[in-house]
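# Residue-level structural notes
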Number of protein chains: 2
Amino acid sequence: MEVEVLRLTHRYVRDERITTHLFLTARAFGASKVIYTGQRDEKMEEKIGKVTKNWGGPFTIEYEKDWKQTIMRWKARKGEIIHLTFYGLPIQNVIQDIRESRKNTLIIVGGAKVPGIIYKLSDWNVSVTSQPHSEISALSVFLHELFQGRELLKIFKNAKLKIIPQPRGKKVLDL
Amino acid sequence: MEVEVLRLTHRYVRDERITTHLFLTARAFGASKVIYTGQRDEKMEEKIGKVTKNWGGPFTIEYEKDWKQTIMRWKARKGEIIHLTFYGLPIQNVIQDIRESRKNTLIIVGGAKVPGIIYKLSDWNVSVTSQPHSEISALSVFLHELFQGRELLKIFKNAKLKIIPQPRGKKVLDL
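Structure report, in brief. (Residues numbered from 1 in each chain as written. Chains lettered and ligands numbered in written order. Predicted model: local features only at pLDDT ≥ 70, side-chain atom pairs only at ≥ 80, totals over all residues.)

### Re unusual backbone geometry
Pro58(A) follows Gly57(A) through a cis peptide bond whose omega is 0°. Take Pro58(A): it is sitting in the loop between α2 (42–55) and β3 (60–63). The phi torsion at Val13(B) lies on the positive side, around 70°, for a residue other than glycine. For Val13(B), the location among the structural elements is in the loop between β1 (3–10) and α1 (16–28). (Helix = DSSP H or I, 4+ residues; strand = E, 2+ residues; numbered from the N terminus.)

Right under this line is the structure:
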């Protein structure tokens, strides 16, 4: 099962840190690709590329002018589309059905204003709590539930750096 | 079991959105209080206060000049101190021991530069993946694992707004 993340309406400078955290979360929790619309942000793309170069992949980032293109391509591939929104159905009620479909999955994460049609084009509108918090938390917990914790054991390929977990202090291998 | 979150070295303006997401995550995933050091940020405190007023609590935010004070108080209360760091022991290896201790828990989330002594003063240094991503993801997945998903069912008191989950579209109750 392949998982990609689509971030809508990224705003240059203003959203840089939030979208960077979101995309690093996507990578660390098992997605293979992130796509974003809104304002092109080469500085952010470089940051993500650098992390993948140092810590391994495969992981790619892509800019797309129009989210409709991404969704159409995804529909043509017969993949499943999940939209994370705090208005959606509770993750604990739907995650098993989503897991069992075993389809390639596109996870849509909203930006400043989500067009109403996204709710209709998505196969599932899913909430991770019905409380306001962060798209970063929503994505991490969703992926953690989708992969049932197996993502924590993921081995990244071609990494130059690797952490050796320690009870106290820091240990990084330079490979 | 009471859970509080200590965020180190918050930087005014620069960290506003990240710390706001972090604190809203703490609230949504079951912590009762957040404390931060670094630069005082009244705008951020107001934001958090407003969310709690609208969406319920109890949840408080506190500024502390010196993190040593918070840690000393916590040690005196005989609570457990968890430091989230990607250098630490994998969550999947330690979470059961942490859960079973059933102690009140202070979760430390680093900022720009974490003093080495934090690693020593903490009972556990815990990593959520050994990959670079986001303190927001680390906190959400840690709390989700600590509470074993029960946090998703949490009922907030004195809420003015409440979402009624929908398969498509939005429904908010104004209480």
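### Some details on the interface of chain A and chain B
Interface extent is often summarised as the accessible area lost during association of the parts. Facing the 40 residues of chain A at the interface are 40 residues of chain B. Mapped onto the side of chain A that touches chain B, the elements with two or more residues apiece are α1 (16–28), α2, β4 (80–90), α4 (91–101), α5 (116–121), β6 (124–127) and α6 (135–146) of chain A. Of the residues belonging to the side of chain A that touches chain B, the class tally is 18 nonpolar, 17 polar and 5 charged. (Contact = placed C-beta atoms within 7 Å. Nonpolar A, V, L, I, M, F, W, Y, C, P; charged D, E, K, R; others polar.)

### Side note on the relation of the copies chain A and chain B
Note on the copies: chain A fits chain B at an RMSD of 0.0 Å, the axial shift is 0.0 Å, and the rotation between them is 180°. On the angle and the small slide along the axis, the relation comes out as a two-fold axis. By C-alpha distance to the rotation axis, the residue of chain A lying nearest is Ser137(A), at 2.5 Å. Counting the interface residues of chain A, we find that 100% of their copies in chain B are interface residues as well, pointing to one common contact surface. (Least-squares fit on C-alpha atoms with pLDDT ≥ 70 in both.)

### Observations concerning the pairing of β4(A)
All names here are of chain A. The element β4 is largely enclosed, with a buried count of 8 among its 11 residues. Pairing analysis gives 5 bridges linking β4 to strand β5 (residues 105–109), with the strands arranged parallel. Considered in β5, the bridge of Glu80 is made with Thr105. Regarding the hand of the β-α-β motif, the stretch spanning β4, α4 and β5 is right-handed. As judged from the 5 bridges shared by β4 and β6, these two strands associate in the parallel manner. Of the residues in β6, the one forming a bridge with Leu89 is Val126. (Buried ≥ 20, exposed ≤ 12 C-beta atoms within 10 Å, placed from the backbone. Pairing = 2+ DSSP bridges. Right-handed = clockwise from strand over helix to strand, strands pointing away.)

### Overview of the packing of α4(A) against α6(A)
The packing of two helices is summarised by the inter-axis angle and the distance between the axes. Residue and element names in this part refer to chain A. Relative to each other, α4 and α6 sit at 50°, their axes nearing to 10 Å. Put simply, α4 runs oblique to α6. Here α4 runs over α6; the crossing is right-handed. Residue-level contacts link Ile91, Ile95, Ile98 and Arg99 of α4 to Phe142, Glu145 and Leu146 of α6. Of the residues contributing to the contact of α4 with α6, the split by class is 5 nonpolar, no polar and 2 charged. (Axes fitted to C-alpha atoms, helices over the stretch in contact; angles between N-to-C directions. Parallel < 35°, antiparallel > 145°, perpendicular 65-115°, else oblique. Left-handed = near helix turned anticlockwise from the far one by under 90°.)

### Re the environment of Glu135(A)
Residue and element names in this part refer to chain A. Within the secondary structure, Glu135 sits in helix α6. C-beta crowding within 10 Å serves as the criterion here: with 24 such atoms nearby, Glu135 is assigned to the buried category. Between the C-alpha atom of Glu135 and that of Phe156, which follows or precedes it by 21 residues, the distance is 24 Å. When sequence neighbours within four positions are dropped, the list of residues in contact with Glu135 reads Leu22, Leu84, Val109 and Gly110.

### Structural notes on the pairing of β5(A)
Successive side chains on a regular strand alternate, one facing one side of the sheet and the next facing the other. Residues and elements named next belong to chain A. Counted residue by residue, β5 has 5 buried out of 5 residues, so it is predominantly covered. Of the two faces of β5, the one carrying Thr105, Ile107 and Val109 and the one carrying Leu106 and Ile108 are both buried. Where strand β1 (residues 3–10) meets β5, 5 bridges bridge the pair, whose relative direction is parallel. Bridging across to β5, Leu6 finds its partner in Ile108.

### Quick word on the sheet that holds β4(A)
Residues and elements named next belong to chain A. Strand order in the open sheet formed by 6 strands is β3-β2-β1-β5-β4-β6, and the pairing between neighbours is parallel. Single-partner strands in this sheet number two, and they are β3 and β6. Sheet twist, expressed as the mean angle between neighbouring strand axes with direction ignored, is 30°. When strand β2 (residues 33–38) meets β3, the two strands line up parallel, connected through 4 bridges. Note that in β3 the partner of Lys33 across the bridge is Thr60. Strands in contact with α4 are β4 and β6; relative to β4, the strand with the most contacts, it is inclined by about 175°.

### Remarks on the sheet that holds β1(B)
In a beta sheet, neighbouring strands are held together by backbone hydrogen bonds and run either parallel or antiparallel to one another. All names here are of chain B. Strand order in this open sheet of 6 strands is β3-β2-β1-β5-β4-β6, and the pairing throughout is parallel. The open sheet has two edge strands, β3 (60–63) and β6 (124–127), and neither has a second partner. On average, each strand axis in the sheet is tilted by 30° relative to the strand beside it, whichever way the strands run. Contacts from helix α3 (residues 67–76) reach β1, β2 (33–38), β4 (80–90) and β5 (105–109) within the one sheet, and its direction differs from that of β1 by about 160°.

### Some words on α6(A)
Residue and element names in this part refer to chain A. The terminal C-alpha atoms of α6, which comprises 12 residues, lie 16 Å apart, in line with the 16 Å expected from a rise of 1.5 Å per residue. Along α6, 12 of the 12 residues are buried, which leaves the element largely enclosed by surrounding structure. Buried residues of α6: Glu135, Ile136, Ser137, Ala138, Leu139, Ser140, Val141, Phe142, Leu143, His144, Glu145 and Leu146, and no others. (Expected span 1.5 Å × (residues − 1).)

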